[in-house]
Amino acid sequence: MENNLPLPMPDRRAFNSENNSMINTEISNQNYLSSEESNKKNSKKEDLKESKISLMSTAQIMQIEDMRQKVLSYKLLSEKTMYMNSFQNDPKLKKCNLILFGPSNVGKTSFIKTVYKALFNTDKIPKENISKLIARNKNSVEEKIIFNQYQIIKESNNNSGLIICDTRNNNIYQKTLIEFWEKSFDYFPKELFKEEIGSGNIRSIPHVVILIFDGTKEKILDEDNLLFYQNLINISKNKGYNDIHIVLTGFDLFEKKILEKNLTEGEMLGEINKLKNIKIEKVISLFGVNWSNVHFIENYHMNQQSENIPSIDYNILKTLLDIINSAELFILDKTIKVPLCYGFCSLK
């Protein structure tokens, strides 16, 4: 529609020139205030970021690059030399397989991308590193569970590979997922990890089970979901996964509330540790996992952060190394049948 309003007369414009000037000045001042508020917000974000960094010890910050290189150059069971002779007859055991379970929208995919960013300074996982498996319910074509497999690190002569498998559609088709996970080792991994396998071949099955939940919620799960994941944990333990890990995402959101308070660094650390202990006790009471297997992480918010943040990298790399150690204990338990002290010691 055309604008049919008449053009203002010259003398009218001259008459309002002072008012126009005032309006322009007012707009200019508003823009200035808006810019100033934005700068304050950005400054506050930077202060929070600096506060988080200051809460880390110098030793922790120095450990980040060491942990990163340790993962990138990781060779399966290389630190458990007392058992290496038992694996010389299995040269194909060259990768560590992790599997994630958890409700939708809790940050499973973001967890994977955060791992990748902490290692390679980018969250863009190459498409050729991602594959998909769809498991359908025999009685219902519509019921399906999608498994996305991410090759985080490619195996080579110098390092072992790292595979993370993300389960999708958990909330919708929980029964299908349970039935799929209850199947024998031969059924589950053959399609998923793309290996020719015999009965229970250790190369082709997940080596550790990880559950990911939203750590910001007062109640981690509602009653129905709680029963489902308790059942999933029991099934996993029956399959030999005794060292299950639970990762709580979004810890930065309630950590931020503490950082915004007018507290000393010591007081902030005390408050953060208090919150962590309360959450851990709740998780242990619900799922019966080891204290050391409950992890708090902050995922990178994809496409928003270009540079790596030390506190995020430190927590995700430390968590990953703990998980890899559990994977090695599982492999040893399944192949050598030695008594292992899950969650209480680390075989080196």
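Provided above is the structure to which this section pertains.
Residues numbered from 1 in each chain as written. Predicted model: local features only at pLDDT ≥ 70, side-chain atom pairs only at ≥ 80, totals over all residues. Heavy atoms only, no water.

A. How the structure looks around the overall build of the chain. Across its full length, the chain carries ten helices and seven strands. Per-residue burial for the chain yields a buried fraction of 45% across its 348 residues. In the chain, of all internal contacts separated by at least 6 residues, the share reaching a separation of at least 24 is 70%. With the model as given, the accessible surface of the chain reaches about 19400 Å², and the carbon-plus-sulfur share is 49%. (Helix = DSSP H or I, 4+ residues; strand = E, 2+ residues; numbered from the N terminus. Buried < 20%, exposed > 50% of the residue type's maximum accessible area, 1.4 Å probe, protein only. Contact = heavy atoms within 4.5 Å. Areas by Shrake-Rupley, 256 points an atom, 1.4 Å probe, with all protein chains shown as cover.)

B. Seen up close, the packing of aromatic side chains. Counted under the stated rule, the structure contains seven aromatic pairs. Three or more aromatic residues joined by ring pairs form one cluster here, namely Phe101, Trp181, Tyr241 and Phe330. When the ring centre of Tyr300 is taken as origin, the NZ or CZ atom of Lys117, which lies over that ring, is 5.1 Å away. Just above the ring of Trp181 sits the side chain of Lys239; from NZ or CZ to the centre is 4.8 Å. (Phe/Tyr/Trp six-rings, centres within 6.5 Å; stacked < 30°, edge-to-face > 60°. Lys NZ or Arg CZ within 6 Å of the ring centre and 35° of its normal.)

C. Spatial organisation of the nonpolar core. If you look at the biggest cluster of nonpolar residues, it comprises 79 residues, and the most contacted ones within it are Ile152, Leu211 and Phe287. Top contributing element to this core by residue count: helix H10 (residues 310-335), with ten residues. Residues within four places of Ile152 in sequence aside, it is in contact with Ile112, Val115, Tyr116, Leu119, Phe120, Ile125, Leu162 and Ile164. (Core = buried A, V, L, I, M, F, W, Y, C linked by side-chain atoms within 4.5 Å.)

D. A look at the pattern of salt bridges. On inspection of all chains with the given rule, the structure shows four salt bridges. One salt bridge in this structure joins Lys282 and Glu218, with 3.1 Å as the shortest N-O distance. Taken together, the positions of Lys282 in helix H9 (residues 265-287) and Glu218 in the loop between strand E5 (208-214) and helix H7 (223-238) put the pair 64 residues apart, joining distant regions of the chain. Judged by its relative accessible area of 30%, Lys282 falls in the partly exposed class. Given the relative accessible area of 62%, Glu218 is considered exposed. Residue Lys318 is joined to Asp322 by a salt bridge in which the shortest nitrogen-to-oxygen separation is 3.7 Å. (Salt bridge = Lys/Arg side-chain N within 4 Å of Asp/Glu carboxyl O.)

E. Spatial organisation of the pairing of strand E6 (residues 245-249). Of all five residues in E6, five are buried; the element is thus mostly enclosed. Residues His245, Val247 and Thr249 point to one face of E6 and Ile246 and Leu248 to the other, with burial holding for every one of them. Here E5 pairs with E6 via five bridges, running parallel. Bridge pairing in E6 links Leu211 to Ile246. Traced from E5 through H7 to E6, the parallel crossover comes out right-handed. With three bridges connecting them, E6 and strand E7 (residues 294-296) associate as parallel partners. The residue of E7 that forms the bridge with Ile246 is Val294. (Pairing = 2+ DSSP bridges. Right-handed = clockwise from strand over helix to strand, strands pointing away.)

F. Geometry of empty space enclosed by the protein. In the structure shown here, the tally under the stated rule is one cavity of 30 Å³ or more. Contributing to the lining of the largest cavity are ten residues, with His207, Tyr241, Asn242, Asp243 and Phe330 lying nearest its centre. Across the lining of the largest cavity, the residue classes tally to six nonpolar, three polar and one charged. (1 Å grid on protein atoms, 1.4 Å probe; cavity = no way out; pocket = protein on both sides within 12 Å on 5 of 7 lines; lining within 4 Å. Points joined across faces, edges and corners; volume = space filled by probe spheres on them. Nonpolar A, V, L, I, M, F, W, Y, C, P; charged D, E, K, R; others polar.)

G. Spotlight on the pairing of E5. Within E5, seven of the seven residues are buried, leaving the element largely enclosed by the surrounding structure. Bridge count between strand E1 (residues 95-101) and E5: four bridges; the pairing is parallel. When the bridges of E5 are listed, Leu98 appears paired with Val208.

H. Up close: the packing of helix H4 (residues 108-120) against H10. Running from amino to carboxyl end, H4 crosses H10 at an angle of 105°, the nearest separation of the two axes being 9 Å. In this view, H4 runs roughly perpendicular relative to H10, as classed from their interaxial angle. Contacts between H4 and H10 involve Phe111, Thr114, Val115, Ala118 and Leu119 on the former and, on the latter, Ile312, Asp313, Ile316, Leu317 and Leu320. Split into classes, the residues belonging to the contact of H4 with H10 amount to eight nonpolar, one polar and one charged. (Axes fitted to C-alpha atoms, helices over the stretch in contact; angles between N-to-C directions. Parallel < 35°, antiparallel > 145°, perpendicular 65-115°, else oblique.)

I. Looking closely at the layout of surface pockets. Each pocket or cavity is described by its volume, and for the largest pocket that value is around 670 Å³. At the level of secondary structure, the elements contributing two or more residues to the lining of the largest pocket comprise helix H8 (251-259), H9, E7 and H10. Sorting elements by how many residues they give to the lining of the largest pocket places H10 first, with seven residues. Tallied by class, the residues present in the lining of the largest pocket amount to twelve nonpolar, eight polar and seven charged.

J. Spatial organisation of helix H3 (residues 58-72). With 15 residues, H3 extends 22 Å between its outermost C-alpha atoms, agreeing within 8% with the 21 Å of an ideal straight helix rising 1.5 Å per residue. By the largest-angle criterion, Ile64 marks the main kink of H3, which is about 30°. All of the buried residues along H3 are Ile64, Met67, Arg68 and Val71. (Expected span 1.5 Å × (residues − 1). Bend = angle between axes of the 7 residues up to and from the residue.)

K. Representation of the environment of Gln174 within the structure. As for its position among the elements, Gln174 is in helix H5 (residues 174-182). Note on Gln174: relative accessible area 19%, which makes it buried. Separated by 30 residues in the primary sequence, Gln174 and Lys144 place their C-alpha atoms 9.7 Å from one another. If we ignore the near neighbours within four places in the chain, the residues touching Gln174 are Asn225 and Phe228.

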